[in-house]
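Here are the chains, one letter per residue:
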Amino acid sequence: MTWLITGGAGYIGAHVVRAMTEAGERAVVYDDLSTGIAERVPDGVPLVVGSTLDGERVARALKDHGVTGVVHLAAKKQVGESVDLPLHYYRENVEGLRVLLQAVTAAAVPSFVFSSSAAVYGMPDVNLVTEETPCVPMSPYGETKLAGEWLVRATGRAHGLSTASLRYFNVAGAAAPELADTGVFNLIPMVFEKLTEGAPPRVFGDDYPTPDGTCVRDYIHVADLAEAHVAAARRLAAAPGTDLTLNIGRGEGVSVREMIDRINEVTGYTLAPAVTPRRPGDPPRVVASADRIAAELAWKAKYDVHDMITSAWEGWVRLHPEARRGQAQEG
Ligand code: WQD
């Protein structure tokens, strides 16, 4: 099989490329490099620079490389930004997907894996979120992911395309330092940034209805997430007519406070966190039931939170060597 991996120069996409090629699949990266980094694409993996909004370029890439399946990760992914730029998010995430699917169906490519998000659930009022939990997205970003799932499923049914929508929970860590997330948009890098500045990490609210008052999330190592893509891709290739929607999480909740404690253990920093007001729109608890993916794909996460923090820290100090100096001074 040859898989076109859109967004393959991004943080998660590059991990998917690595997992796919290590599993013996052929990969071709399609990325507009708006946030992706060309150096993340390994030697021997072709890189086509283009937007999924450019149907002709997609069609040519599918044909030139004899693509037999697509893993679509290319998207805008910042929740706050999506509130300010809904038109941009719908264009990139929904229209970009529509144009891509048009090319995919025209070329009769039989398998399509779609990168979705736990953001489709919004504020779930359940202990463990199953795939049957109602989807009530709270942001334009979450809406574009849910609309994307609908479009993928409808296209699959109409055109005989095997599809899987993978709902990622909170992705963290790196398979190698050079593959680490370079953005500072999520809890772990935001805490690293504060520690590096010598400032206390921030807890956005400690009056939530959770055991320690801080928000609880389901953190998943990006290398585990990438393996889930390999398993899904192989299932689609082996079983035409498949239509899967799967949570990808560990089924274990970790609070912000616990996370900061563990980050201090790994980094050696000891700055006590500062509690600041709640960030608008944060659900108290979002933890996956990972039962369906275990049953469907025999996939299970291998790495824990310690592995995520350790590997993310190696990536962070590679880009911010001063973080180690601060660590040494403080210690
Ligand atoms: C986790 C928790 C914060 C920073 C978002 C998107 C989701 C997905 C992943 C897309 C929250 C708290 C954070 C800090 C803190 N995105 N926090 N201090 O919001 O669960 O999920 O990213 O692809 O769709 O919604 O992740 O890492 O931003 O926050 O207290 O300095 O950490 O309030 O409770 P979130 P996050």
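Since the model is a prediction, treat every value here as computed from it, not as a measurement.

Novice: What am I meant to see in the UniProt feature "domain: NAD-dependent epimerase/dehydratase" (unreviewed entry) in the chain here?
Specialist: As recorded in UniProt, the sites labelled "domain: NAD-dependent epimerase/dehydratase" (unreviewed entry) are residues 3-249. What you have in residues 3-249 is 39% helix and 19% strand, and the ends, taken at the C-alpha atoms, are 24 Å apart.

Novice: Would you mind showing me how to read the pairing of strand β1 (residues 2-6) here?
Specialist: Looking along a regular strand, one sees side chains alternate from face to face of the sheet. Most of β1 is tucked away, with 5 of its 5 residues classed as buried. Where burial is concerned, the two faces of β1 agree: the one with T2, L4 and T6 and the one with W3 and I5 are both buried. Pairing of β1 with strand β2 (residues 26-31) involves 5 bridges; the strand directions are parallel. The residue bridging T6 from the neighbouring strand is Y30, located in β2.

Novice: Teacher, can you tell me more about the sheet that holds β1 here?
Specialist: Strand pairing in a sheet takes place through backbone hydrogen bonds and is either antiparallel or parallel in direction. Here 7 strands make up an open sheet; going across it, the order is β3-β2-β1-β4-β5-β6-β11 and the pairing parallel. The sheet is open, and its two borders are formed by β3 (47-49) and β11 (243-248), each paired with just one other strand. Taking the axes of each pair of neighbouring strands and ignoring which way they run, one obtains an average angle of 20° across the sheet. When β2 meets β3, the two strands line up parallel, connected through 3 bridges. Within the sheet, the bridge partner assigned to V29 lies in β3 and is L47. Taken strand by strand, helix α4 (residues 86-106) contacts β1, β4 (69-72) and β5 (111-117), and its axis lies near 165° from that of β5. Each of β1, β4, β5, β6 (162-168) and β11 is contacted by helix α7 (residues 222-238), which is oriented at about 165° to β6, the strand it contacts most.

Novice: Looking at this structure, I do not really get the packing of aromatic side chains. What am I missing?
Specialist: Aromatic ring pairs are described here by two measures, namely the spacing of the ring centres and the angle between the planes. Counting across every chain of the model gives 4 aromatic pairs. Between F192 and W313, the aromatic rings sit 4.9 Å apart at their centres with planes inclined by 70°, giving edge-to-face as the arrangement. Placement of F192 in helix α6 (residues 187-197) and of W313 in helix α10 (residues 305-319) is noted, with a sequence separation of 121 residues between them. Judged on exposure class, the residue F192 and its partner W313 are both buried. Taken together, the ring pairs connect F192, Y269, W313 and W316 into an aromatic cluster.

Novice: Could you clarify how one ought to interpret the sheet that holds strand β14 (residues 285-286) in this entry?
Specialist: Spatially, the 3 strands line up as an open sheet ordered β12-β9-β14, and their pairing is mixed. A single partner strand is all that each edge strand has here, and the edge strands are β12 (254-255) and β14. Relative to β12, strand β9 (residues 216-217) is paired through 2 bridges, and the arrangement is antiparallel. Note that in β12 the partner of R217 across the bridge is V254.

Novice: Honestly, the pattern of salt bridges in this entry has me stumped. Any pointers?
Specialist: The full count for this structure, using the stated rule, is 17 salt bridges. D243 is the salt-bridge partner of R153, the closest N and O atoms lying 3.6 Å from each other. Of this pair, R153 sits in helix α5 (residues 140-159) while D243 sits in strand β11, and the two are 90 residues apart along the sequence. Two residues, D243 and R157, come together in a salt bridge whose shortest N-O distance is 3.3 Å. Taken together, the residues span a long stretch of sequence, with D243 in strand β11 and R157 in helix α5 at a distance of 86 residues. We classify D243 as partly exposed; its relative accessible area is 35%. Each of E131, E132 and R292 takes part in salt bridges that share partners, so that together they form one network.

Procedures and definitions
- Residues numbered from 1 in each chain as written.
- Predicted model: local features only at pLDDT ≥ 70, side-chain atom pairs only at ≥ 80, totals over all residues.
- Heavy atoms only, no water.
- UniProt positions renumbered as here; feature names shortened; annotations may be inferred.
- Helix = DSSP H or I, 4+ residues; strand = E, 2+ residues; numbered from the N terminus.
- Buried < 20%, exposed > 50% of the residue type's maximum accessible area, 1.4 Å probe, protein only.
- Pairing = 2+ DSSP bridges.
- Axes fitted to C-alpha atoms, helices over the stretch in contact; angles between N-to-C directions.
- Contact = heavy atoms within 4.5 Å.
- Phe/Tyr/Trp six-rings, centres within 6.5 Å; stacked < 30°, edge-to-face > 60°.
- Salt bridge = Lys/Arg side-chain N within 4 Å of Asp/Glu carboxyl O.

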